[in-house]
Amino acid sequence: MTSVQQEWLAAARTAMEIEAASVARAASRLDGELIRAVDLIMSQSGKVVVTGIGKSGHIARKIVATLCSTGTASVFLHPAEAVHGDLGIYTPGDPTVLISKNGTSAELLALVPLLREFHSPLIGILGSGNSPLAAQVDILLDASVEREADPNNLAPTASAVTALALGHALAIALMRARNFSAEEFGRFHPGGQLGRNLRLSVREAMHGGDEVAWVAPGATLKDVIIAMTRRPLGAACVTASDGSLAGLITDGDLRRALTGHDDIRGLRADDAMTRTPVTIGAEASLSEALERMERRPSQISVLPVVDGAGRALGLIRIHDIYLGSR
């Protein structure tokens, strides 16, 4: 790496560190104003309108998306378009979140008296508490930063990230206030991987019956290999005579058995299996299965599926989770 490239890397790291510190300071400043904002929004039956101009407008759109996806109906209002008919989105009493770095945006200041006619309570996510706009809002969330992340202290970087973080903080607080569940989140995300993982159950994506390699604890390792070759799901379920799961043999278990023994002819399934494998229930969500596979010191790619009595029902692979229902 050249010295010039090292300078680029150092500038990038510094930028991220400045932004992270700005968000941390904003988090430490959170106080009763956030609680007032949550109480105000929860007390209204309508939607939340979020507005901003320029870069703050882009941030406002992202905050709207987060609010909508987490249970708070929200729309974006372009302040310049508001006076050309877009004020029609308002129902009297709809709260408005105004986003501005300096709190001096002419478009937002011109909008304030119009919003008062709609009896709209005003929440400001503002970078200056001494600005003209700060004097007009009912609730102020402090988005001030010590400096921007670029070397010239000009580009709205740290200020934009801090405003976005405060909008996310408000959305998350509203989630808690509404007791917004993962199931509700899934209903709001019917498409895409996230929605499928929350909406679909393990039963809808798992392999069972003849698709799975089933072996008895006394099966020879050769028979296990043959069964897993015929049904290549990456593992075999070792089941007792009553159908309960006795263990699991993965491709990795086979490799370890072959590596550790010069002669495998005397080995049985219960010599190679994992006796207490991680399992999942059939009614669990795909999101829960994915969490169980990945949130561990060593990740796993296949889970045995069992019922409440511990009887083996089949297998689900991480590949099946990403494919969704079968």
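As shown above, the structure is provided for reference.
Our subject in this report is the structure included herewith. Computed from a prediction, not measured in an experiment: that's the story for all the values here.

Section: the sheet that holds strand β11 (residues 302-306)
Part 1 of the argument: Taken in spatial order, the four strands of this open sheet run β6-β12-β11-β10, and their pairing is mixed. In this open sheet, the two strands that pair with only one neighbour each are β6 (207-208) and β10 (280-281).
Part 2 of the argument: The pairing of β10 with β11 spans two bridges and is classified as parallel. Of the residues in β11, the one forming a bridge with glycine 281 is valine 306.
Part 3 of the argument: Against the sheet, helix α13 (residues 286-294) touches β10, β11 and β12 (312-317), its axis set at about 125° to β11.

Side note on the environment of glutamate 283
Part 1 of the argument: Relative to the helices and strands, glutamate 283 resides in the loop between β10 and α13.
Part 2 of the argument: Here glutamate 283 falls in the exposed class, since its relative accessible area comes to 56%.
Part 3 of the argument: Excluding anything up to four places from it in sequence, glutamate 283 contacts Ser201 and Arg203.
Part 4 of the argument: At a separation of 2.5 Å, a polar atom in the side chain of glutamate 283 contacts the side chain of arginine 203.

Overview of the pairing of strand β2 (residues 74-77)
The side chains of a regular strand alternate, first on one face of the sheet and then on the other.
Part 1 of the argument: Across four bridges, the pairing between strand β1 (residues 48-51) and β2 is parallel. Bridging from a neighbouring strand, valine 49 pairs with valine 75 of β2.
Part 2 of the argument: Viewed along the sheet, the connection from β1 through helix α3 (residues 55-69) into β2 turns out right-handed.

Definitions and cut-offs
- Position numbers for residues start from 1 in each chain and track the written sequence from start to end.
- Whole-chain, interface and lining totals are the exception, using all residues; otherwise, since this is a predicted model, local features are given only for residues with pLDDT of at least 70 and side-chain atom pairs are given and counted only at 80 or more.
- The basis for the side-chain values is all heavy atoms of the structure; hydrogens and waters are excluded.
- Any two strands with at least two DSSP-identified bridges between them are counted as paired.
- Helical segments are the DSSP runs of H or I of at least four residues, strand segments are the runs of E of at least two, and each set is numbered from the N terminus.
- Two residues qualify as a contact provided that any one of their heavy atoms is within 4.5 Å of a heavy atom in the partner residue.
- Under this scheme, a helix contributes an axis fitted over its contacting stretch, all axes are lines through C-alpha atoms, and angles between N-to-C directions fall in the 0 to 180 degree range.
- Partly exposed residues are those whose accessible area sits between 20% and 50% of the maximum for their type, while under 20% is buried and over 50% is exposed, using a 1.4 Å probe and protein chains only.
- Here a polar contact is recorded for every N or O atom pair within 3.5 Å, except that within protein the pair must consist of a potential hydrogen donor and a potential acceptor, and residues adjacent in sequence are included only if both atoms are side-chain atoms.
- When the strands point away from the viewer and the path from the first strand over the helix to the second turns clockwise, the crossover is right-handed.

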